[in-house]
Amino acid sequence: KTLRDSYKPVFKSGGFKSFLTKDKKGHCEYFATAATVLLRSFDIPSRVVTGYKGGSYNELAGIVVVRQVDAHAWVEYFDPKKSWTVFDPTPQFFKF
């Protein structure tokens, strides 16, 4: 199988609106985008940030190994009192 054959999108049509109103499930990029749009709707400067979160320490080599599975997306919003602040709306990372 190729990636094209095995990749199944979370929703078939409707895109962002479907994610918010119907499907209500997705990966970190969906949650980060939704939070950024919500923050911007209240005139709060915000941006989606992508990078890597986590990794595993390889004791033998003395290095941290970061793989594609560690890729992640989160939000930064501007707080005039603190500058840019990190917020991760993805459920598995969100702490109440």
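Please refer to the structure placed before this passage.
Quantities reported herein were computed from a predicted structural model and do not represent experimental measurements.

Visitor: I keep staring at helix α3 (residues 28-41) and nothing clicks. Help me out?
Guide: Compared with the 20 Å implied by 1.5 Å per residue over 14 residues, the 20 Å span of α3 between its first and last C-alpha is a close match. Turning to α3, its buried residues are Cys 28, Tyr 30, Phe 31, Ala 32, Ala 34, Ala 35, Thr 36 and Leu 39.

Visitor: Even after reading the chapter, I still don't get the sheet that holds strand β5 (residues 83-87), so can you show me in this structure?
Guide: Either a parallel or an antiparallel arrangement is found when strands of a sheet pair, and the pairing is made through backbone hydrogen bonds. The strand order β1-β4-β5 describes an open sheet built from three strands, whose pairing is antiparallel. A strand with exactly one partner marks an edge of an open sheet, and here the two such strands are β1 (46-52) and β5. Each neighbouring strand pair of the sheet contributes to a mean axis angle of 35°, computed without reference to strand direction. The sheet contact formed by strand β4 (residues 71-79) and β5 spans five bridges and is antiparallel. For Asp 79, the partnering residue across the bridge sits in β5 and is Ser 83. In the packing of α3 onto the sheet, contacts are made with β1, β4 and β5, and the angle to β4 comes to roughly 15°.

Visitor: Looking at this model, I keep getting lost on a nonpolar patch on the surface. Mind explaining?
Guide: Residues Tyr 52, Tyr 57, Val 64 and Val 66 make up a contiguous nonpolar surface patch of about 430 Å² in total accessible area. Topologically, Val 66 is positioned in the loop between β3 (63-65) and β4. Here Val 66 falls in the partly exposed class, since its relative accessible area comes to 41%.

Visitor: Can you walk me through the pattern of salt bridges in this structure?
Guide: Oppositely charged side chains are able to pair whenever their charged atoms sit close together. By the definition in use, this model includes two salt bridges. Close ionic contact of Glu 76 with Arg 47 constitutes a salt bridge, the shortest N to O distance being 2.7 Å. Here Glu 76, found in strand β4, pairs with Arg 47, found in strand β1; they are 29 residues apart in sequence, far enough to count as distant. Overall, the relative accessible area of 33% leaves Arg 47 in the partly exposed class.

Visitor: What exactly am I supposed to notice about the environment of Pro 89 here?
Guide: Relative to the elements of secondary structure, Pro 89 occurs in the segment after β5. The class of Pro 89 is buried, set by a relative accessible area of 14%. Spatially, the C-alpha atom of Pro 89 lies 9.6 Å from that of Thr 36, the residues being 53 residues apart in sequence.

Rules used in this analysis
Residue numbers restart at each chain and count upward from 1, following the sequence in its written direction. Local features in a predicted model are, by the rule used here, given only for residues with pLDDT of at least 70; side-chain atom pairs are given and counted only at 80 or more, and totals for whole chains, interfaces and linings are based on all residues. Values shown for side chains rest on all heavy atoms present in the structure; no hydrogens or waters enter the calculation. For the purposes of this entry, the term helix denotes a DSSP run of H or I that reaches at least four residues, the term strand denotes a run of E that reaches at least two, and both are numbered from the N terminus. In this analysis, the expected span of each helix is defined as 1.5 Å times one less than the number of residues it contains. We call a residue buried when its accessible area falls under 20% of the maximum for its residue type, exposed when it is over 50%, and partly exposed in between, using a 1.4 Å probe and counting protein chains only. When DSSP finds two or more bridges between a pair of strands, those strands are recorded as paired. Here the axes come from fitting lines to C-alpha atoms, over the contacting stretch only for helices, and the angles between their N-to-C directions go from 0 to 180 degrees. Every residue pair with non-hydrogen atoms within 4.5 Å of one another is taken to be in contact. The patches described consist of residues with a relative accessible area above 30% and no salt bridge, like charges being joined within 9 Å and nonpolar side chains (Val, Leu, Ile, Met, Phe, Trp, Tyr) within 5 Å. Residue-level accessible areas treat just the shown protein chains as cover; the underlying method is Shrake-Rupley with a 1.4 Å probe. The salt bridge criterion pairs a side-chain nitrogen of Lys or Arg with a carboxyl oxygen of Asp or Glu, the two atoms within 4 Å.

The values are spatial; any link to function lies outside them.
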